[in-house]
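Chain by chain, the residues:
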Amino acid sequence: MTSKEIEFRSGVPRANIRYYEAEGLLTPQRLKNGYRSYSEEDLAQLEKIKLLRRLGIGIEALRDLQRGGAELSAVLDRRLRELEGEQASLCRVSQVCGNLRGEAPTFETLEPAKYLEALDAPFPQGEPQPASPPLPEADALPVVTNLWLRLAARELDFFFLLLLVVTVFSLLGRNPSRLAGMGLPAGLLLELARLLLEPLLLHLFATTPGKALLGLRITRPDGGKLSYGEGIARHLHMLWGALGLGIPIWSWIQIYKCCKRWSEGEPQPWDVGLAYTARPFRWKRHLGGAALACLGVLAVAETLNSFSQLPPHRGDLTVAEFAENYNRQAAYLQGGSRYSLDEAGQWQVTPDPPGTFSVNLAGDWQTKRLTYTLEDGVLKAVTLEYAVENTDSWMALPTDTVMTVVTAFVWAQEGAPFWTSGRKPLIRALDSAAWERDFTLRQDGADITWEIDMRNFDLLSGIGWITPRDETDNALSLRCTIALEE
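Residues numbered from 1 in each chain as written. Predicted model: local features only at pLDDT ≥ 70, side-chain atom pairs only at ≥ 80, totals over all residues. Heavy atoms only, no water.

Some remarks on the overall build of the protein chain
Logical step 1: Along the protein chain, the regular secondary structure elements total 16 helices and 14 strands.
Logical step 2: In the protein chain, which comprises 486 residues, the proportion classed as buried is 36%.
Logical step 3: If you take every contact in the protein chain between residues at least 6 apart in sequence, the share linking residues at least 24 apart comes to 60%.
Logical step 4: Counting every atom, the protein chain has about 28,500 Å² of accessible surface; 59% of that belongs to carbon and sulfur. (Helix = DSSP H or I, 4+ residues; strand = E, 2+ residues; numbered from the N terminus. Buried < 20%, exposed > 50% of the residue type's maximum accessible area, 1.4 Å probe, protein only. Contact = heavy atoms within 4.5 Å. Areas by Shrake-Rupley, 256 points an atom, 1.4 Å probe, with all protein chains shown as cover.)

Points about the packing of aromatic side chains
Logical step 1: Within the structure shown, the criterion is met by eleven aromatic pairs.
Logical step 2: Arranged with centres 5.6 Å apart and planes meeting at 35°, the rings of Trp240 and Trp250 form a pair that is tilted. Note that Trp240 is positioned in helix α11 (residues 228–243) and Trp250 in helix α12 (residues 250–263), a separation of ten residues in sequence.
Logical step 3: Owing to a relative accessible area of 40%, Trp240 belongs among the partly exposed residues under this scheme.
Logical step 4: For Trp250, a relative accessible area of 28% gives the class partly exposed.
Logical step 5: Ring geometry for Tyr326 and Trp347: centres 5.6 Å apart, planes at 75°, overall edge-to-face. Here the residue Tyr326 occupies a position in helix α14 (residues 319–333), and Trp347 occupies one in strand β6 (residues 347–349), the gap between them amounting to 21 residues. Just as Tyr326 is buried, Trp347 falls in that class too.
Logical step 6: In this structure an aromatic cluster arises from ring pairing among Phe322, Tyr326, Trp347, Tyr372 and Phe409. (Phe/Tyr/Trp six-rings, centres within 6.5 Å; stacked < 30°, edge-to-face > 60°.)

Section: helix α1 (residues 3–10)
Each turn of an α-helix holds 3.6 residues, which means side chains three or four residues apart point in the same direction.
Logical step 1: Looking at α1, one finds that the buried residues are Ser3, Ile6 and Ser10. Around the axis of α1, the buried residues are gathered within 70° of arc, so they sit on the same side. Exposed positions of α1 whose direction lies more than 90 degrees from the buried face are Lys4 and Phe8.
Logical step 2: Tucked inside the fold, the buried residues of α1 contact α2 (14–22), β2 (36–37) and α3 (40–54). (Arc of directions from axis to C-beta.)

With respect to the pattern of salt bridges
Logical step 1: Under the counting rule described, the total for this entry stands at 19 salt bridges.
Logical step 2: For Arg234, the salt bridge is made with Asp271, and the minimal N-O distance between the two is 3.1 Å. Placement of the pair is Arg234 in helix α11 and Asp271 in the loop between α12 and β4 (275–278), with a sequence separation of 37 residues. Each member of the pair, Arg234 as well as Asp271, carries the same accessibility label: buried. (Salt bridge = Lys/Arg side-chain N within 4 Å of Asp/Glu carboxyl O.)

Some remarks on the sheet that holds strand β14 (residues 475–484)
Logical step 1: With respect to topology, five strands assemble into an open sheet ordered β7-β8-β14-β11-β10, the strand pairing being antiparallel. One side of each edge strand has no neighbouring strand; the edge strands of this open sheet are β7 (369–375) and β10 (439–443). Geometrically, the sheet is characterised by an average inter-axis angle of 10° between neighbouring strands, direction not taken into account.
Logical step 2: Packing of helix α15 (residues 399–409) onto the sheet brings it into contact with β8 (378–389), β11 (446–455) and β14, and relative to β8 it is tilted by some 175°. (Pairing = 2+ DSSP bridges. Axes fitted to C-alpha atoms, helices over the stretch in contact; angles between N-to-C directions.)

Digging into the sheet that holds strand β12 (residues 457–460)
Logical step 1: The antiparallel open sheet is built from three strands, whose spatial order is β9-β13-β12. Single-partner strands in this sheet number two, and they are β9 (395–396) and β12.
Logical step 2: Across two bridges, the pairing between β9 and strand β13 (residues 465–468) is antiparallel. Across the sheet, residue Ala396 finds its bridge partner in β13, namely Trp465.

Section: helix α5 (residues 72–103)
Logical step 1: Taking 1.5 Å per residue, 32 residues should reach 46 Å; α5 reaches 46 Å between its end C-alpha atoms and fits that length.
Logical step 2: Among the residues of α5, those classed as buried are Val75, Arg79, Gly85, Ala88, Ser89, Arg92 and Val96.
Logical step 3: Those residues of α5 hidden inside the fold are in contact with α4 (59–67) and α6 (113–120).
Logical step 4: Directly after α5, the chain includes Ala104, whose backbone phi takes a positive value near 45°. (Expected span 1.5 Å × (residues − 1).)

Some points on unusual backbone geometry
Logical step 1: With a phi close to 55°, Asp376 is a non-glycine residue in the positive phi region.
Logical step 2: On the secondary structure map, Asp376 appears in the loop between β7 and β8.
Logical step 3: For Asp376, a relative accessible area of 83% gives the class exposed.
Logical step 4: Of note in the backbone geometry, Asn456 takes a positive phi value of approximately 60° without being a glycine.
Logical step 5: Counting through the fold element by element, Asn456 comes out in the loop between β11 and β12.
Logical step 6: Classification of Asn456 by relative accessible area gives partly exposed; the value is 21%.

Comments concerning the pairing of β7
Within a regular strand, the side chains alternate between the two sheet faces.
Logical step 1: With seven bridges joining them, β7 and β8 adopt antiparallel strand pairing. Looking across to β8, one finds that Thr373 is bridged to Ala381.
Logical step 2: In textbook terms, the turn of a hairpin is the stretch between consecutive antiparallel strands, and for β7 and β8 this stretch comprises two residues, one of which, Asp376, has a positive phi near 55°.

Some points on the pairing of β10
Logical step 1: In terms of strand pairing, β10 meets β11 through five bridges, oriented antiparallel. From the neighbouring strand, Leu441 faces β11, where its bridge partner is Ile448.
Logical step 2: Between β10 and β11, which pair antiparallel and follow one another directly, the connecting turn spans two residues, one of which, Asp444, has a positive phi of 55°.

Looking at the packing of α11 against α12
Logical step 1: At a closest axis distance of 6 Å, the pairing of α11 and α12 adopts a crossing angle of 95°. Comparing the axis directions of α11 and α12 gives the class roughly perpendicular. Seen from α11, the contacting residues are Trp240, Gly241, Ala242 and Leu243; seen from α12, they are Trp250, Ser251, Gln254, Ile255, Cys258 and Arg261.
Logical step 2: Taken together, the residues that form the contact of α11 with α12 break down as six nonpolar, three polar and one charged. (Parallel < 35°, antiparallel > 145°, perpendicular 65-115°, else oblique. Nonpolar A, V, L, I, M, F, W, Y, C, P; charged D, E, K, R; others polar.)

Focus on the environment of Leu459
Logical step 1: Checked against the element boundaries, Leu459 lands in strand β12.
Logical step 2: With 23 residues separating them in the primary sequence, Leu459 and Glu436 have C-alpha atoms 7.3 Å apart.

Details of the packing of α14 against α15
When two helices pack together, you describe them by how their axes are tilted relative to each other and by the distance separating the axes.
Logical step 1: As a packed pair, α14 and α15 sit with axes 8 Å apart at the nearest point and diverge in direction by 125°. Considering the angle they form, α14 stands oblique to α15. Crossing angle aside, the handedness with which α14 passes α15 is right-handed. Between α14, through Phe322, Asn325, Tyr326, Gln329, Ala330 and Leu333, and α15, the contact on the second element is made entirely by Thr401, Thr404, Val405, Thr407, Ala408 and Phe409.
Logical step 2: Along the lines of polarity and charge, the residues of the contact of α14 with α15 split into seven nonpolar, five polar and no charged. (Left-handed = near helix turned anticlockwise from the far one by under 90°.)

Below you can see the structure in the form of structure tokens.
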């Protein structure tokens, strides 16, 4: 039967049925189209739940009954004792309320001491001894004092925010890995994004992705959503009161105060006057949902990352298209350079800004010669050549230039792997190559041939720089060809 049918036959609202399913008390069959299919056994189970819940049996007790961890008679005996106590407590409340009404004082002249004493007086021996009537739970705003739950929600929010920023950078054609090198500006960028987005999400949904996955909500006392301004104020208060704005020593003092309030069950100052609620925590539901959400976001992020690393022109390339690919890959993967290629595939240099200090080295490889092999206007090979002799300058081997040429040319071919994992073997092979001697690599449908001849040069191991051993008698020549396999 469908959800509508079981709702009609059982008399249980659909929202309650969904709640019992979420608590694991009902497990209907799922059809291929995702719809629920309820059996007669499910209907019988739901009617049992309906009866026992109306008698006041708790969800945990119902779960124990289903699992065989408790006997129905024992559960009912416990409930009967609770009802006796509740009845005695209600009788006491009725008696005190009647006495108060009989004396008919005004609110201004009411003296509560003797009535409170009557409410708290012990019951006669032999009768149930329930606790004194407490203040209604609704008189207190709910507050989540579970430190680990709130920290987990915050870390999930940060994770999703970081992936969002990475996604935006990728879509804008910027390399998100450069964020790590930005240092303080990157941290400020993330905090600013959090300051703007978290209050907006609280205003729209009363929760954030991390909080939603762990069943947390933040609202006004009447259940209404916070305004955007209230969300901003709460976030700024939290930055000061919980993190001390990152000020050394003071931030540690603030963190200690926060932990102390949590341990004592006290609300945090930025949550005072707000309702911070949490659904009962279920490891399987909450952690499973969080894991699935993280995997989904990671899959989207990896797809964007793989796509954004590909050059803009794919398939058969002209020299002009290769030049565009090279310039884009140099900016995205290598962080940019003063040297770029014009439409003819020749080097052009961007002058340093006035007042900028720069060092011109003899090994400034980007100024060296690039030649192209074409067939019917289609690029088939790219060759980098350089020769120098009797120099007194240090020189850097052109490993970055070769890497950029490879990513602009080889990754543009139709058979190139889409996913970054498929492209890593070629990059690892280039990273581990012995650049001080000849080698040939065959990978991803391309041959990469490196030929080098050095006389009176020393290689600085590990950093790819060479220095002249004899400044008046040295020579170096190299040739690197990246060609498509026939």
